Amino acid sequence: MPDARGNLGPMNGDTPGNYGPMSVVEGARAVRDEDAFDVGAVDGWLRAQAVDLPPGLPQVQQFSGGASNLTYLLRYPGRDLILRRPPAGTKAKSAHDMGREYRIQAGLAPVFQYVPKMVANCNDNAVIGSGFYVMERITGTIPRRAELGVELTPEQTRQLCFTMIDTLVELHQVDPADAGLADLGRGAGYVERQVAGWTGRYRQAKTWNVPSYERVMAWLEANRPADVRICVIHNDFRLDNVVLAPDDPLKVVGVLDWELATLGDPLMDLGSSLAYWVQADDDWAFRRFRLQPSDLPGMLSRDEIVRYYSERSGLDPVNWVFYEVFGLFRLAVIIQQIYYRYHHKQTRNPRFKNFWLPVNFLERRCRRIMAKGN
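Residues numbered from 1 in each chain as written. Predicted model: local features only at pLDDT ≥ 70, side-chain atom pairs only at ≥ 80, totals over all residues. Heavy atoms only, no water.

## Details of the overall build of the chain
Counting secondary structure elements, the chain contains ten helices and ten strands. Projected onto the principal axes, the alpha-carbon positions of the chain cover approximately 65 × 45 × 40 Å. Counting across all 374 residues of the chain, residues that qualify as buried make up 53%. For the chain, restricting intrachain contacts to residue pairs at least 6 apart in sequence, the fraction spanning at least 24 positions comes to 72%. Counting every atom, the chain has about 16,600 Å² of accessible surface; 49% of that belongs to carbon and sulfur. (Helix = DSSP H or I, 4+ residues; strand = E, 2+ residues; numbered from the N terminus. Buried < 20%, exposed > 50% of the residue type's maximum accessible area, 1.4 Å probe, protein only. Contact = heavy atoms within 4.5 Å. Areas by Shrake-Rupley, 256 points an atom, 1.4 Å probe, with all protein chains shown as cover.)

Given below as structure tokens:
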């Protein structure tokens, strides 16, 4: 039985529904105490929404990937659901809006085949203390930090890179009106707002042990280009946010984690994506913070990705240095916002203890790229 917090104990296969041992799902593990929720309350709420579920409570595990919104596996006999909810602690004003994340995916479903199927959205904080939404789990392989999860030759790995970029280009070609998302963003002026917005977020989240970034922020303001156009952008498009088909690892069947999606500049989306793209010939410090297997034999370089994206999209990133620096700065702000929560004891997750280190490194990397671009 769940304890008073809804935690299912050690998650060793003994579950309220008595479904037997829980089969392994890559990346899922026991729920952390600080992230536990009332499983019975969620189950009851889903049934009240007329969601067709087998009897009994689900088996529950937490996905270890990600450091922002929390993701859980709800396993019923014959049906796997995914629950997303925000973390505890101070959050940026517009972040962690579960209803918005749900709406984006529900709107994209008819025009972009890679989003999960939405099940139900809850905006009643009384159920588990925050809003949340539930969706169907997409079956397949999700690349992890050190490996793709499938055996590919360097030639196949290269082809997977092309497929991944084709998927991003396809997203950027979606007409927001066709997805019912024409009002999702604020229109023209996206680049200007992003520079100002992330600058403000960094200053608000700064702690004593990270650099000021004032030179970087001033350079971005002085060098920002006009929007190339406005379209649906993902804003967190990475290898570990795509799902590969179980019967064809060169085929993308899902794109996950739409928390930061909006209407914006597609080159800003590409720049943000490549901030995570650590390649095999990068210096040791950058490779130390690699979060996806982008350094495997056959992986495209960042320059090759930019050229291929440009060919496929018809967009020419003349001032690519700006987008590269912005992506790295934005990544630093995201990491620092997470570290801020740990620093102020709003989370106890030990993963976040040393997040101040990459924030320092990324500032130096930004300045090196700025110097080369001048």
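On we go from here.
## Remarks on the sheet that holds strand β3 (residues 70-76)
Strand order in the open sheet made by the six strands is β1-β2-β3-β4-β6-β5, with antiparallel pairing throughout. The sheet terminates laterally at β1 (28-29) and β5 (118-122), the two strands that pair on one side only. Running over the sheet, helix α1 (residues 39-48) touches β2 (59-63), β3, β4 (79-85), β5 and β6 (132-136) and is turned about 70° from β3. Against the sheet, helix α2 (residues 98-108) contacts β4, β5 and β6, and its axis sits at roughly 155° relative to β5. (Pairing = 2+ DSSP bridges. Axes fitted to C-alpha atoms, helices over the stretch in contact; angles between N-to-C directions.)

## Regarding the pattern of salt bridges
Considering all chains together, one arrives at 21 salt bridges under this definition. Put simply, R137 and D80 hold a salt bridge, and the shortest N to O gap is 2.8 Å. Placement of the pair is R137 in the loop between β6 and α3 (154-172) and D80 in strand β4, with a sequence separation of 57 residues. Notably, a salt bridge pairs R312 with D166, separated by 3.0 Å at the nearest N-O pair. Residue R312 is found in helix α8 (residues 302-313), and its partner D166 is found in helix α3; the two are separated by 146 residues along the sequence. For R312, a relative accessible area of 48% puts it in the partly exposed group. Three or more residues joined by partner-sharing salt bridges are found here, namely D282, D283, R302, R365 and R368. (Salt bridge = Lys/Arg side-chain N within 4 Å of Asp/Glu carboxyl O.)

## Some thoughts on the nonpolar core
Grouped together as the largest cluster of nonpolar side chains are 81 residues, with contacts concentrated most on L108 and F329. The element contributing the most residues to this core is helix α9 (residues 320-343), with 14 residues. Counting residues in each nonpolar core, the second largest holds 24 residues, with F37, L74, I128 and F132 among its members. (Core = buried A, V, L, I, M, F, W, Y, C linked by side-chain atoms within 4.5 Å.)

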